[in-house]
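Fold and geometry: a report
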Amino acid sequence: MKKNITLSQLFPFQGSEPSQSFRFGIAEGQKKALSPDTEHPALAKARLFQGIGPKERQEMLRCLSPIEKRYEKGEYVFRNGQQVSAVGLVLEGGVHIQKEDYWGNRSILGHVATGEVFAETYALCAGPMLVDAVAAEASSVEFLRLPALLVPANAEKSWYGKLQANLIAILASKNLALSGRMFCTGAKTIRGRVLTYL
């Protein structure tokens, strides 16, 4: 008999309460717990919630207990080496994904715009961040403990399959973009790099 494998089996999540890594040092006065009945307009437009209706989102948010945090330009959202258990969703502004070398030189690897998510791979795999996530401008980020939703107990929920499909599509598109970047930087000559764009 064919056995279905869920994302929760591929990316196991331990516990149902927010871990210390999820709190990541946010002072009580700087964060805001969100009501599941009052959602930000960016949620409905986010690719992560594509095809998921308002009532389904409210049910999901009740399980997630999301936290919203505002950041000023240049402020770190996540740091290299930090353990995270929550996915960041940009409600306003934008976030740079960057890498800093030993000498302090910074390379911007990507930009997360309003309605997009980041750190989903690290949250699902429970691994340390290999990059920094820094506010590109004054921004508002909502943190969602998606691994807590992707458990067998929620498999019968109407939104479960939609969330899985959206998450896989996001991961696949980012993987494709990363592959394209590797083809470019992997070329040994400038001519070879230019040809990757033609």
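Note: the structure precedes this text.
What you see is a predicted model, and the numbers here were worked out from it, not measured in a lab. (Residues numbered from 1 in each chain as written. Predicted model: local features only at pLDDT ≥ 70, side-chain atom pairs only at ≥ 80, totals over all residues. Heavy atoms only, no water.)

Overview of the pairing of strand β4 (residues 87-92)
Judged by how many residues are buried, β4 sits mostly within the fold: five of six residues are covered. Examined bridge by bridge, β4 and strand β9 (residues 139-144) share five bridges and lie antiparallel to one another. Among the inter-strand pairings, leucine 89 is bridged to a residue of β9, identified as glutamate 142. Strand direction decides the pairing type here: β4 and strand β7 (residues 117-118), joined by two bridges, are antiparallel. For leucine 89, the partnering residue across the bridge sits in β7 and is valine 117. (Buried < 20%, exposed > 50% of the residue type's maximum accessible area, 1.4 Å probe, protein only. Helix = DSSP H or I, 4+ residues; strand = E, 2+ residues; numbered from the N terminus. Pairing = 2+ DSSP bridges.)

Notes on the environment of glycine 88
The topology assignment puts glycine 88 in strand β4. You can call glycine 88 buried: its relative accessible area is 0%.

Re the sheet that holds strand β5 (residues 95-100)
Strand order across the open sheet formed by four strands is β3-β8-β5-β6, with antiparallel pairing between neighbours. Strand pairing shows two members of the sheet lacking a second neighbour, β3 (76-78) and β6 (106-112), which therefore form its edges. When the angles between neighbouring strand axes are averaged without regard to direction, this sheet yields 35°. One ladder, built from two bridges, connects β3 with strand β8 (residues 132-135); its direction is antiparallel. Among the inter-strand pairings, phenylalanine 78 is bridged to a residue of β8, identified as alanine 133. (Axes fitted to C-alpha atoms, helices over the stretch in contact; angles between N-to-C directions.)

A closer look at the packing of aromatic side chains
Using the criterion set out here, one finds four aromatic pairs in the structure. Pairing tyrosine 102 with tryptophan 103 gives two aromatic rings, centres 5.5 Å apart and planes at 85°, and the pair type is edge-to-face. Of the aromatic side chains, those joined through ring pairs into one cluster are Phe78, Phe118 and Phe143. When the ring centre of tyrosine 71 is taken as reference, the NZ or CZ atom of lysine 69 above it lies at 4.1 Å. Lying over the aromatic face of tyrosine 76, arginine 79 brings its terminal NZ or CZ to 3.8 Å of the ring centre. (Phe/Tyr/Trp six-rings, centres within 6.5 Å; stacked < 30°, edge-to-face > 60°. Lys NZ or Arg CZ within 6 Å of the ring centre and 35° of its normal.)

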